[in-house]
Each structure stands twice: as structure tokens, then as C-alpha cells.
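Structure assessment
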Amino acid sequence: MKTIYEQEQKRSFTWRRVVENIQARKVTLTLMATFFVLSFFLAQVVLFEASVPFFLPIWALVSLRFQRFIPWTFAGALLGSLTLGLGQLMIHVFQGIFFTLQGKKLINKIPIPLFVLIDVVLIQVLWQFASYRGSVPVSVWLAIGYEGVLSLFMTIFLFQLFIPLPELIHKKWTMERMGSALLIGALVLTGMSSFIIGYVSVPLILAHLVIAVAAAVGGVQLSTVVAVLAGTVLSISTLSFSGMIAVYALTGFLAGLHKRFGRLWQAFSMLGATFFFLLYDRTLPLDSVYIGSLVAASLIFFMIPSAWIKDLKEQLYPDTTHVLLRRQKWMTEKVNHQLQEFQHFVDFITRFISDRFEPKVASEERVEALVTCQSCFHYEKCWGAKSNGIPSLIQQWEEQPKKARIQLEKKMQFKCVKPLQIMHELKEREAKRKLAYEMQHGKKMFALKLRDMGNHMSELMNNLENNVALYTSQEEEVKQKFQQCNIPFYQIDVLNIDVGQMEVVCCLPIEARGKMIGERLIIPILYELWKEPFEITSMKEVHHPYEHIQVSFKSSVRFSVSHDIFTSSSKNTIYSGDAHAVFQLHPGLLAVILSDGMGNNVEAHRESRRVMQFMRECLHKKMDPETTMHTLHYMMSLQDDSDSYATVDLALIDLQKGELWSWKAGSMSTYLIRGNEMRKIESKHVPFGFLPTFSIEAKKVDIKDGDILLMLSDGVFSANTTIEKQEAYYKKVLQDPTMSAEKFVKILEETYSLPGDDRTVIFMQVKHAVPEWSIFSPRQAAKFQEKMVH
């Protein structure tokens, strides 16, 4: 037995679920009711007391754009047609059957409104010809013609008003849609002419209420247009044309004229127009029902919340000022962010140059023995503990101007046995020093020009900040492709167009096979547009604000690379001459850098770290890799007599397309092992700063599932065994599926006598990244069938 409390809890929980379900399906329920009511009243509209033309237009609209609401439309149209008789019901049924059977064949060839006209006229001609047994009166032929023409225009208005989902909900109202809505609403009111309760007529209440709301929203212009349109349609239905049009026109004009005085004055002005015509022309049908309906409409108008009128005004007359301000603010923030990134990069380059090539302090300089002196047999006499003064003379010679050097040169001739060679070497060293000073000046100028370029870019962006042109959306192009391929959709949103990070969201009908359409149709279309592989990241059924399937597509990362790194220094110190980095530039692009500085001391450690820092910063700032390599070589070549250089091995792995791009400057080879095959990517270029000239080329290699990539420094190679034998041993050892970087180095240490140098090994394995949702799966048997092409 459940307690009363538990029963109450269950009952309240059930009602809460019902309310939540109604809120989630609010749009669907609203459209159901709308099409039911429209089809019911449009199916029984009578104009000129003869034509009943408006069933087929609403049927055509729902059949082509809102198939889910066909049962409700059919039910409303069936009930509406029955109110006019069985014959009219049969005519509507035949029209709907002909449209359903022949519509798909002919709609692509002729416009929909024209096909509706043909359908209406053809069925009516056959029906009337059969009814009158061949002798159809002229008035009936005219009525058929009126019905066909009115059906054509009604189809145009309906398709203009009910645009496809979700534009129907989110798109701003235009004057064309508003006019179509008013005309269709007025025709619906003619179908409601029999709804009279006492002294109140439902269609008249609605007509005057719409006029009052139009006056509160749009003033004189909108209220007058609405009133004239409503009066025209209602007058045609009652055959009292000119007089009632004037009544409605004056009612709307006075209501809009008193907008600024409030709702009370608007209501009195509408009543004033009615009483004026009541005294002016007693032949007009301004009876107690009309006046009672006007009073009832005024009372309802007072009860409408102001927020509703404000929202309606925002829909019809949107204030774009705040939208433009938000857009301008967004563009300003975006431009400032990009400018700040560029400025940070310029500051980084400037600091890099300044820190790297800081001039030496004079106090730390000391006179060094010349090369000529070091090879002389009088070296100890000149440079030993009991020096004859040659070092001090050389220092004075370097510090004195040219005119004051003559006496010093004569003194050196008396004390030195090789005066000519010494003078030649001193002049050569002086020339190198001057060149170094000029190069130092050039480096400073380079840094200053970079800073000036950043300032110039900042000023230029500030000038263009208010005139930035937004790029056109890619969504229209995607929609055109979908329409060409006959893919049904509600909405397409392109959220990101950055390479490797593209994101597209498609809203498909609830009846569509989202997964099948997404993989077999949509993904190839997106790849054709952007040359970017995509994958489905999520798929869910959404009920708010309307029922649809939401499918999200993102740039597909088809491969994943797992890496293992082993590094050690030659003397087991905390610093090493090797430096490495593995990082992602974006989810589809992996960068691997290995640098080996000259030697294995602290200076080599700093050298390789600086190279690594510079390359990471440049790649993150989207600088071209080749430009980065040339820039780094230029900076390292601008050095003094200190012979310092570093090797660089840069690999960019495209995880989307399965490509490896390699740039090498004096580094060891990179090995790609695929099954029983091994490919070597060699380096033919010198290290950075080694020679004045420098060239670099990129090599591209395709990678596949199961490939093994090996990048290593020269400390792993033995000088006692040929390179070919060691590479053959690499190929054999790497067949072990449990191989790791540390295990690989330990095996080589046990097999060969490796040099006492820094060692770094980057061991990478390539695998397919297959999403769990995919309805396709790769064939494992075909993984290693393709041969390597050397």
C-alpha cells in the first residue's frame, strides 16, 4: 500500500513531466494548431458568393515544407469542406490527389503557384463539365477562372509567410511577410463570419484588435495599411465594398494618429470614426454587432501586456543600433587581440636578438696571443712570465688611432722576429672586429625595424578598425550543395573555419537517417568544399524549439601519434647539448623538434634551448617553417669568432591527411619503419651558423596506420661500425612491438661501443583514430599490404 504522500508525489511528478513535455514541444504543438485552424477556415472561404479556392494552396504548402503536419491539415480541411457540402469535399479531395500524384514530377519544371492554378482549373473544369453534362454556363466558367487566379496568389502569399524551419522561428519579419500574414488573416476572418455570439462577432473583434495593435506598434502608416487591407477583404466577402473600406481606413488612421497619447485615446478614436460614419451614412452595416465587437476589441486591447507589444515592435522594426555596437565591439576586441599577438611576437624577436648578441664587456677582454706568436720559437720570451713587452705593445696598438701607431710598430720590430706577419694578423683582426661592430649595428637595426614594423601595423590596424569588412558566411555555399544533392535540412551553422579546427552543425528533419546521411553524403560535401576531412562528433534529437536531429561535424583527426622520448647527457649532468620538443600546433598538426648544440657543455645546452624556443615561438605564430629555418640560420651566423652552431631536425605530422613534412639542418636521418620496409629521410644541409650560405628543402612522406617513426641525435651512432650495418640492425630491432625509446638505446649500448656524447631518441607510433560512432571500420588484414616506394 502506498501512502497518500507517495501518491501525491507521483501525481505531481506526472503533471510536471506533462508540463515539461508541452514546453519542449511548444513549437510543434503551435504549428499543429495553426495548420489545423488555417486549413479549416481557408477550405470554406467564399468570395463573390461563388469561389471556394483556398484548400489546395494550404495543402501544397504543408506537403512540400511541413510534411509532419499533413494529418492535422487534412483533418482541418476535411471538416471545413464538409460545412460547404459533399460536392465541395469531393472537389478538394480530387485536387489534393492530383497534386500529390503529379506534383513531384512537374514542380521542378514549372513554378508551384502555376501548378496550383492548373490543378484547380483542371479539376473544376472536369467536375463542372460532368455536373452540367457538357453545357456549362458562362458565369461558372468565370468563377473557375477567378478561383484559379486567386489560388495562384494565395499560394504565393502562403509560401511567403510560412518559410522553412527554423527560419520561420528565428528570421526577422519583413514587410512582404507581414503583408502576406495580414491578407491571409483577413481571408481567415471571412471564413469565421458565422461566429457571432449575441452582440459580438469573433472576426470583427479580431480585425479591430489587429488594427489597434498595429497602431500601437507602427503608428499611422502601419495601422492605415492594415485597416485598408482588412476592410477590403471583409467588404468583398459581404459585397459592401466602398463604404466599409472608408470606415476601416478612417478607423486605422485615427488609431495610429493618437498613438503617442496612449491606448485610451486610441480606443476612443476608433469609436469616434465608427460614430462619424454612423451619422454620415445610415446605409452602412454599422449595427449593434459591429459596435459591440469594437467595444470588446478595445477592452481586450487594454489587457494586452506592454511587453508583448514591445516584442512585436522589435520584430517588425528592429533597432539595429545595439547590434551594430556589439558587432563593432566584437571586431575591436578581435583586432586588438591579433594586434597584441603580433606585437608580442615582435617584442620576442627583439629580445631574442638583443639577449643573444649583447656586446661584450670591455673589462672582460684580455689580450690573447696571436697565431703567429704561438708558432714562434720566441713565444716564451714574448708571452711568458718574463715578457719583453709585446702584449702591452699589441694592446696599445689596438687602442691607439692609426696616426699614433707608427712608433709602436717600430718598437715591435726591435722586439719581434716576425714583425711583418704580426702586423698582417693585427690588421686582419682589426678588420674582423670592425666587421663585427657593423654586424652588431645591423642586428640592432634589424630589431628596431621589427619594432617599427609592429608600431606601423598597430597604427594601420587602428585606422582600419572602424572599416573592417566582415567575410561572407560559408553557410550559403553549404546550403547550395545540400539543395543540389536533395539533402533535407532545416539549418546549417558554420561555427569555425580555421584549418584543422573547422566545425559545422546541421539540423536535419526528424525523419532523416542522420548517421547514414552524415557519413555518406554530408562529409564528402564538406571535404569537397574545404579539402578538409570531417567526422561526426555528436548526434542528438532535439525537441526545442522544434523537433529535429542536430548533427555536429568537426575536422577529423584520422591519425594519432604516441611518442616515447629518451634523453641522457654524456657526463650524467642535468644539462644536455640536445634539446627536443613535441607539441601540437592545432588538433590536426603535430610538431616534433630535435636540436643538437655543438659540444656537451652548458653553452651547447643554452644554444640548443634558444634554437628550440625560437622555433616554437615562430611556429605558434604561424610562420612558414622554411622561413623560420632561414631566419634562425641568419641569426646564428651573425656571430663573432666564437665557433658555435646547432643542428635542427623539424618534423610536422599532418594527422588529418597522413603526411610527414621534414626539414633538416645538419641533423641525423629520420627513419620510417612500415612492416618489413624501412625508409630513410636524410639531411644534405649544414647546421645553423656553420657556413655563410644556407639552403633548406622540405621532404614529404605519407604515413599510415602502424608506421614507426624514429628521430635521434648523433650520440646513438657508433664510430666503429658502418652506418649501413647499424641501420640494418635498427630495422631488425624495431620489429619488436614492445619497443620503447629507452629500451632501444639500452640495446644499442650493449651491442655497439657508443661515444661519450649526449643521446636523444624520439620513438613515435602512428595509429588510426577511428571514432566509436562510425558505421565503417578499417580492414585490419589490409594494414601492411602496400609496399614502400623509395
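Residues numbered from 1 in each chain as written. Predicted model: local features only at pLDDT ≥ 70, side-chain atom pairs only at ≥ 80, totals over all residues. Heavy atoms only, no water.

Observations concerning the overall build of the chain
- In terms of helices and strands, the chain carries 26 helices and 16 strands.
- Within the span of the chain, comprising 790 residues, buried residues form 43% of the whole.
- For the chain, the share of sequence-separated contacts (at least 6 apart) that also reach a separation of at least 24 residues comes to 68%.
- Put simply, the chain shows about 43,700 Å² of open surface, and 59% of that area lies on carbon and sulfur atoms. (Helix = DSSP H or I, 4+ residues; strand = E, 2+ residues; numbered from the N terminus. Buried < 20%, exposed > 50% of the residue type's maximum accessible area, 1.4 Å probe, protein only. Contact = heavy atoms within 4.5 Å. Areas by Shrake-Rupley, 256 points an atom, 1.4 Å probe, with all protein chains shown as cover.)

Overview of the nonpolar core
- Phe35, Leu42, Leu61, Phe66, Phe162, Tyr248 and Phe301 are the most contacted members of the largest nonpolar core, which has 79 residues in total.
- For this core, the leading source of residues is helix α10 (residues 202-238), giving 16 residues.
- The residues touching leucine 42, leaving out its near neighbours within four places in the chain, are Phe54, Phe55, Ile58, Met154, Leu187 and Val188.
- Core analysis: the second largest hydrophobic core is formed by 23 residues, Phe489, Met502, Ala512 and Ile536 among them. (Core = buried A, V, L, I, M, F, W, Y, C linked by side-chain atoms within 4.5 Å.)

Side note on the pattern of salt bridges
- Throughout the structure, instances matching the rule amount to nine salt bridges.
- Aspartate 649 is the salt-bridge partner of lysine 664, the closest N and O atoms lying 2.6 Å from each other. Here lysine 664, found in strand β11 (residues 659-665), pairs with aspartate 649, found in strand β10 (residues 646-654); they are 15 residues apart in sequence, far enough to count as distant.
- When its relative accessible area of 3% is taken as the criterion, lysine 664 is described as buried.
- For aspartate 649, a relative accessible area of 1% puts it in the buried group.
- Glutamate 682 serves as the salt-bridge partner of lysine 680, at 3.1 Å between the closest nitrogen and oxygen.
- The exposure class assigned to lysine 680 is partly exposed, which follows from its relative accessible area of 32%.
- When its relative accessible area of 36% is taken as the criterion, glutamate 682 is described as partly exposed.
- A cluster of three or more residues bridged by salt bridges with shared partners is formed by Lys680, Glu682 and Glu727. (Salt bridge = Lys/Arg side-chain N within 4 Å of Asp/Glu carboxyl O.)

Quick notes on the sheet that holds strand β8 (residues 578-586)
- Ordered by their spatial adjacency, five strands build an open sheet running β8-β9-β10-β11-β14, and the pairing between neighbours is antiparallel. Every other strand in the sheet has two partners, leaving β8 and β14 (698-702) as the edge strands with one partner each. Averaged over all pairs of adjacent strands, the angle between their axes in this sheet comes to 15°, without regard to strand direction.
- In terms of strand pairing, β8 meets strand β9 (residues 589-597) through eight bridges, oriented antiparallel. (Pairing = 2+ DSSP bridges. Axes fitted to C-alpha atoms, helices over the stretch in contact; angles between N-to-C directions.)

Section: empty space enclosed by the protein
- For the structure on display, the rule yields one cavity of 30 Å³ or more.
- Counted as a void, the largest cavity has a volume near 80 Å³.
- Around the largest cavity, the lining residues are Thr372, Cys373, Cys376, His378, Tyr379, Cys382, Trp383, Cys416, Val417, Lys418 and Ile422.
- Elements supplying a minimum of two residues to the lining of the largest cavity: α16 (371-374) and α17 (379-383).
- Among the elements that take part in the lining of the largest cavity, α17 stands out by supplying three residues, more than any other.
- In terms of residue class, the lining of the largest cavity is made up of eight nonpolar, two polar and one charged. (1 Å grid on protein atoms, 1.4 Å probe; cavity = no way out; pocket = protein on both sides within 12 Å on 5 of 7 lines; lining within 4 Å. Points joined across faces, edges and corners; volume = space filled by probe spheres on them. Nonpolar A, V, L, I, M, F, W, Y, C, P; charged D, E, K, R; others polar.)

Quick look at helix α18 (residues 390-399)
- Every buried residue of α18 is accounted for by Ile390, Pro391, Leu393, Ile394 and Trp397. In a view along the axis of α18, the buried residues occupy a sector of 165°, so they form one face of it. (Arc of directions from axis to C-beta.)

A short note on the environment of glutamine 474
- Position of glutamine 474 among the secondary structure elements: in the loop between α20 (419-464) and α21 (475-484).
- Between the C-alpha atom of glutamine 474 and that of leucine 529, which follows or precedes it by 55 residues, the distance is 9.5 Å.
- Beyond its immediate sequence surroundings of up to four residues, glutamine 474 is in contact with Val494, Ile497 and Trp530.

Quick look at the sheet that holds strand β5 (residues 534-542)
- Taken in spatial order, the four strands of this open sheet run β3-β4-β6-β5, and their pairing is antiparallel. With partners counted over all chains shown, the strands left at the sheet margins are β3 (491-496) and β5, one partner each. The mean inter-strand angle of the sheet, taken between neighbouring strand axes irrespective of direction, is 15°.
- Looking at chain direction, β3 and strand β4 (residues 503-508) are connected through five bridges and run antiparallel. Pairing of asparagine 496 across the sheet is with glutamate 503, part of β4.
- Here α21 sits on the sheet and contacts β3 and β4; the angle it forms with β3, its principal contact strand, is near 140°.
- Set on the sheet, helix α22 (residues 514-530) makes contact with β3, β4, β5 and β6 (548-555); between it and β5 the angle comes to about 135°.

Some remarks on the packing of aromatic side chains
- In the structure shown here, the tally under the stated rule is 20 aromatic pairs.
- When the ring of tyrosine 671 is compared with that of tyrosine 730, the centres are 5.8 Å apart and the planes differ by 80°; the resulting orientation is edge-to-face. A residue pair is termed long-range when its members are at least 10 positions apart, and tyrosine 671 in strand β12 (residues 670-674) and tyrosine 730 in helix α25 (residues 723-733) qualify at 59 residues.
- Residue class for tyrosine 671 comes out buried when judged on its relative accessible area of 1%.
- Residue tyrosine 730 is classed as buried on the basis of its relative accessible area of 0%.
- Between tyrosine 729 and tyrosine 752 the ring centres are 5.8 Å apart and the planes differ by 90°, which places this aromatic pair in the edge-to-face class. With tyrosine 729 in helix α25 and tyrosine 752 in the loop between α26 (741-751) and β16 (759-768), this residue pair connects regions lying 23 residues apart in the sequence.
- Put simply, the rings of Phe35, Phe66, Phe69 and Phe162 pair up and form one aromatic cluster. (Phe/Tyr/Trp six-rings, centres within 6.5 Å; stacked < 30°, edge-to-face > 60°.)

Structural notes on the layout of surface pockets
- Its volume calculated, the second largest pocket comes out at about 1,700 Å³.
- Considering the residues around the second largest pocket, the lining is formed by 40 residues, among which Leu161, Trp173, Ala181, Val210 and Leu312 are closest to the centre.
- For the lining of the second largest pocket, the secondary structure elements donating two or more residues are α2 (26-42), α8 (167-170), α9 (175-191), α10 and α14 (306-316).
- Looking at which element gives the most residues to the lining of the second largest pocket, the answer is α10, with eleven residues.
- Of the residues belonging to the lining of the second largest pocket, the class tally is 33 nonpolar, four polar and three charged.

Considering the packing of helix α7 (residues 138-161) against α9
- Viewed as axis vectors pointing N to C, α7 and α9 meet at an angle of 125°, and their least axial separation amounts to 8 Å. The pairing of α7 with α9 is recorded here as oblique in orientation. Considering only the axes of α7 and α9, their crossing is left-handed. Touching Met154, Phe157, Leu158, Gln160 and Leu161 of α7 are Glu176, Arg177, Ser180, Ala181, Leu183, Ile184 and Leu187, all from α9.
- Here the residues of the contact of α7 with α9 are counted per class, giving eight nonpolar, two polar and two charged. (Parallel < 35°, antiparallel > 145°, perpendicular 65-115°, else oblique. Left-handed = near helix turned anticlockwise from the far one by under 90°.)

Some thoughts on the pairing of β9
- With nine of nine residues buried, β9 is to be regarded as a mostly interior element.
- Along β9, one buried face is formed by Leu589, Ala591, Ile593, Ser595 and Gly597 and the opposite face, lined by Leu590, Val592, Leu594 and Asp596, is buried too.
- Connecting the antiparallel pair β8 and β9 is a turn made up of two residues.
- In terms of strand pairing, β9 meets β10 through nine bridges, oriented antiparallel. Across the sheet, the residue bridging to valine 592 is alanine 651, located in β10.

Considerations on the confidence of the model for the chain
- Put simply, the chain has an average pLDDT of 77, and 77% of its residues get 70 or more.
- Mean pLDDT values over the elements of the chain span from 60, in helix α1 (residues 4-24), up to 91, in strand β15 (residues 708-712).
- Long-range and interchain partners of residues 357-364, a stretch whose pLDDT sits below 50, account for eight contacts in this model, where long-range means more than four residues apart.
- Within the model, the stretch residues 466-472 combines pLDDT values under 50 with seven contacts to residues more than four positions away or in other chains. (pLDDT = per-residue confidence, 0-100.)

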